[in-house]
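Letter by letter, the chains look like this.
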Amino acid sequence: QVQLVESGGGLVQAGGSLRLSCAASGRTSSNYIMGWFRQAPGKEREFVARITWSTGNTVYADSVKGRFTISRDNAKNTVYLQMNSLKPEDTAVYYCAAKVSGSAKYIYWGQGTQVTVSS
């Protein structure tokens, strides 16, 4: 089992920045891919970014490319999502998730952290 705990959400004005953290504990592995997802009210959950724990390779959704950066700190077992130039449409609950590299489904999820961007 892997436990994921997100933190760092909050209220910010458009154009501002926030950094989300996802602390992983339990049976973590360098064979995992860590992802960030978000879900806005009335909308489906959508992919934001992911990072391969072992290699640091990253992938981003087009909507956040150039504004968000995903990174990891192996020593702290923590994944970060630096969010810059925030827009009101970035408002959502942000979730951290983990899956085994090569598999399609994320199997571990955090509880989510609210990000609200005011215009």
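Residue positions within a chain follow its written sequence, with the count starting from 1. A pLDDT threshold of at least 70 governs which residues receive local features in this predicted model, and a stricter bar of 80 or more applies before side-chain atom pairs are shown or counted, although totals over entire chains, interfaces and linings include all residues. The basis for every side-chain value is the complete set of non-hydrogen atoms in the structure, without hydrogens or water.

## Points about the overall build of the protein chain
Stated formally: A run of DSSP states H or I qualifies as a helix once it reaches four residues; a run of E qualifies as a strand once it reaches two. Both are numbered from the N-terminal end. As a reference, a globule follows 2.2 Å times the number of residues to the power 0.38, and the radius of gyration itself is taken over C-alpha atoms. Three exposure classes are used, based on accessible area relative to the maximum for each residue type with a 1.4 Å probe and protein chains only: buried under 20%, partly exposed in between, and exposed over 50%. In what follows, a contact means two residues having at least one pair of non-hydrogen atoms within 4.5 Å. Surface accessibility in these figures is a Shrake-Rupley result with a 1.4 Å probe; residues are shielded only by whichever protein chains are displayed. Positive charges come from Lys and Arg alone, negative charges from Asp and Glu alone, with His and the N- and C-terminal ends not counted. Charged groups are reduced to one reference atom each: NZ for lysine, CZ for arginine, CG for aspartic acid, CD for glutamic acid.
When its secondary structure is counted, the protein chain shows zero helices and eleven strands. Helices and strands appear in the protein chain in the N-to-C order β-β-β-β-β-β-β-β-β-β-β. In terms of overall size, the protein chain behaves like a compact globule, its C-alpha atoms giving a radius of gyration of 13 Å where 119 residues would be expected to give roughly 14 Å. Evaluated residue by residue, the protein chain yields a buried proportion of 42% over its 119 residues. Nonlocal contacts in the protein chain, meaning residues at least 24 apart in sequence, comprise 53% of its contacts between residues at least 6 apart. Here the protein chain displays about 6,200 Å² of accessible surface, and carbon together with sulfur accounts for 46% of that area. Distance between charge centroids for the protein chain: 6 Å, based on 13 positive and 7 negative side chains.

## Things to note about the state of the cysteines
Put simply, the rule is: Disulfides are defined as pairs of cysteine sulfur atoms found within 2.5 Å of each other.
Under the criterion given, the structure shown has one disulfide. Disulfide partner of Cys22: Cys96, at an S-S distance of 2.0 Å. Where Cys22 bonds to Cys96 through sulfur, the torsion about that S-S bond is close to -75 degrees, and the disulfide is left-handed. With Cys22 in strand S3 (residues 18-26) and Cys96 in strand S9 (residues 92-100), this residue pair connects regions lying 74 residues apart in the sequence. In terms of burial, Cys22 and Cys96 fall into one category: buried.

## Notes on the pairing of S9
Convention followed: A pair of strands is labelled paired if DSSP reports no fewer than 2 bridges between them.
A large share of S9 lies buried, amounting to seven of its nine residues. Of the strand pairs in this sheet, strand S4 (residues 32-39) and S9 are connected by eight bridges, and their pairing is antiparallel. Bridge pairing links Met34 to Ala98 in S9. Bridge analysis of S9 against strand S11 (residues 113-118) gives three bridges, and the strand direction is antiparallel. The partner of Val93 across the bridge, within S11, is Gln114. Relative to strand S10 (residues 108-109), S9 is paired through two bridges, and the arrangement is antiparallel.

## Observations concerning the sheet that holds strand S8 (residues 78-83)
So the rule is basically this: The angle between two axes is taken between their N-to-C directions and runs from 0 to 180 degrees, where each axis is a line fitted to C-alpha atoms and a helix contributes only its stretch in contact.
One open sheet holds the four strands; their spatial order is S1-S3-S8-S7, and the pairing between them is antiparallel. Where the open sheet ends on each side, the last strands, each with one partner, are strand S1 (2-7) and strand S7 (68-73). Here the strands of the sheet are splayed against their neighbours by 15 degrees on average, with no regard to which way each runs. Alignment of S1 against S3, held across six bridges, turns out to be antiparallel. Directly across from Val2, in S3, lies its bridge partner Gly26.

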